[in-house]
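Structural features, examined
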Amino acid sequence: MSRIPGTFRRLNKAGEAALVPYLPAGIPTLDVTRRLLPIIGRQGADLIVIGSASVFTSDAYSPAGHTGAIVADCLSIAAEARRSNEVPLVLLAPHAEIHAHGIARLASECAAAGVDALLVPDLPLAFAGPLAEACRAAAVDLALTVREEGDLERLAELAPVAGGFVLCAAADASTLPSLVEHARVRAELPVVVPSPAGTPDEVAELSRLADGVLLQSALLPVMEGAEEEDLMLDVSEVVRALKEATAKGAPTR
C-alpha cells in the first residue's frame, strides 16, 4: 500500500507542506546516491523523488539531461533504502525510458522495490491511461502532471485510477494559484508544485499555496560542488533548512 496518502494527512494536520527533494541518481556517483537517500529522509524529506534525469527544464518542468544512471539503478537504490526507512519513494523517469523498459514490467518492479509512486513529468495526460492502469494493477501510484487548464478534464478522469499526488507545473507562474485550486477540486488529491530556485523564501511561499513542494534542483549545486567527505553534511543542512520553511505561515488550503 502506498505511504503517500498517510504522509499528506499527517502533514496537513500539522499545518506543514511536504518537502519533496529530487535526488538525481549517479551525481556524483551511484554509491553516494545510495548513502544520501536515507540521510535525506532522516533530515526532513517527507517524500523523496529519485531518477536518472539530472535537471528539470524551466519551461516545461520535464526531465532533461542524464546522469548516466538507468531505471534499474534507481530501483536498486530504492529497494536498498526501503529496508531502513518508511519515507515514501517516487521514481522519476522520462516517458521514452518507461516505454523502452516496458510499462507493466516497470510497474511491477517499482512495487517489488518499495517504490510508492511513478512520476513522468513529460507524459501528456492524453496518453497516461495505460500507464495508470498498469500502476494500479501493481498497487503503485501514478503522480500526474498538469500544466494548463485544458488538462483538468482528463485529470478528473485519471485521478481515481492514478492516486498519489498531482504535480502542477504551470509554465506561466501567474496561473499557478488557479491551476492548483482547480486541480485539487478535480482530482481530490494532494497537489505538489515545483520550486525552481529552491530557496527558503520560495519554499515558504509555495508551502502556503500547495500541499507539497518539489525541489527541482536545490540539491544539485551541493552535490556537484562539494568534496565527497563534506557532501553528506552539506546536503543535510540544505534539507533541514528547507523543511523548516515548509512550516512557515498558515496554510491556505
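Overview of the structure. (Residues numbered from 1 in each chain as written. Predicted model: local features only at pLDDT ≥ 70, side-chain atom pairs only at ≥ 80, totals over all residues. Heavy atoms only, no water.)

**Brief notes about the nonpolar core**
If you look at soluble globular proteins, the nonpolar side chains tend to sit buried side by side. Under the convention used in this document: Here, the term nonpolar core denotes a set of buried Ala, Val, Leu, Ile, Met, Phe, Trp, Tyr and Cys residues that are joined through side-chain atoms within 4.5 Å. Accessibility here uses a 1.4 Å probe with only protein chains present; expressed as a share of the type maximum, an area under 20% marks a residue as buried, one over 50% as exposed, and anything in between as partly exposed. Contacts between residues were defined by any pair of non-hydrogen atoms, one from each residue, lying within 4.5 Å.
Membership of the largest hydrophobic core comes to 79 residues, with the highest contact counts inside it found for Leu91, Leu118, Leu131, Leu142, Leu155, Cys168 and Val235. In contact with Cys168, other than residues within four places in its own chain, are Val146, Leu176, Leu179, Val180, Ala183, Val191, Val192, Val193 and Pro194. By size, the runner-up hydrophobic cluster in this structure holds 18 residues, among which are Ile4, Val49, Leu92 and Leu167.

**Things to note about the packing of helix H2 (residues 30–42) against helix H3 (residues 71–82)**
Packed helices, taken two at a time, are described by their axes: the angle between them and the distance between them. Let me state the cut-off plainly: Lines fitted to the C-alpha atoms define the axes, with helices restricted to the stretch that makes contact. Angles between their N-to-C directions range from 0 to 180 degrees. Secondary structure follows DSSP: runs of H or I at least 4 residues long count as helices, runs of E at least 2 residues long count as strands, and numbering of each begins at the N terminus. In a left-handed crossing the near helix is turned counterclockwise from the far helix by less than a right angle, and in a right-handed crossing that turn is clockwise. Under the scheme applied here, ten amino acids are nonpolar (Ala, Val, Leu, Ile, Met, Phe, Trp, Tyr, Cys and Pro), four are charged (Asp, Glu, Lys and Arg), and all others, including Gly, are polar.
Two numbers describe how H2 lies on H3: the axes approach to 9 Å, and their chain directions differ by 35°. In this structure, the crossing between H2 and H3 has a hand that is right-handed. On H3, the residues that touch Leu30, Thr33, Arg34 and Leu37 of H2 are Asp73, Ser76, Ile77, Glu80 and Ala81. Within the contact of H2 with H3, the residues separate by chemical class into 4 nonpolar, 2 polar and 3 charged.

**Side note on the sheet that holds strand S6 (residues 117–119)**
Threshold: Pairing between strands requires that DSSP locate at least two bridges from one strand to the other.
Spatial ordering of the closed barrel is given by S1-S2-S5-S6-S7-S8-S9-S10, a layout of 8 strands whose pairing is parallel. Ignoring which end each strand starts from, the neighbouring axes of this sheet average 30° apart. By the bridge criterion, 3 bridges tie strand S1 (residues 18–24) to strand S2 (residues 48–51) in an arrangement that is parallel. Bridging across to S2, Pro24 finds its partner in Gly51. Along the sheet face, H3 touches S2 and strand S5 (89–92) and points at about 175° away from the line of S5. Set on the sheet, helix H6 (residues 129–137) makes contact with S6 and strand S7 (141–146); between it and S7 the angle comes to about 155°.

**Focus: helix H8 (residues 176–187)**
What counts, and what does not: One less than the number of residues in a helix, times 1.5 Å, gives the span that helix is expected to have. As used here, the arc belongs to the directions running from the helix axis to the C-beta atoms.
Helix length check: H8, at 12 residues, gives a terminal C-alpha distance of 16 Å against a target of 16 Å (1.5 Å per residue), a fit within 8%. Of the residues making up H8, those classed as buried are Leu176, Leu179, Val180, Ala183 and Ala187. Along the long axis of H8, the arc covered by the buried residues comes to 100°, so they all point the same way. Opposite the buried face of H8, by more than 90 degrees, sit the exposed residues Glu181 and Val185. Elements in contact with the buried residues of H8: S7, helix H7 (152–162), strand S8 (166–168), strand S9 (191–195) and helix H9 (200–207).

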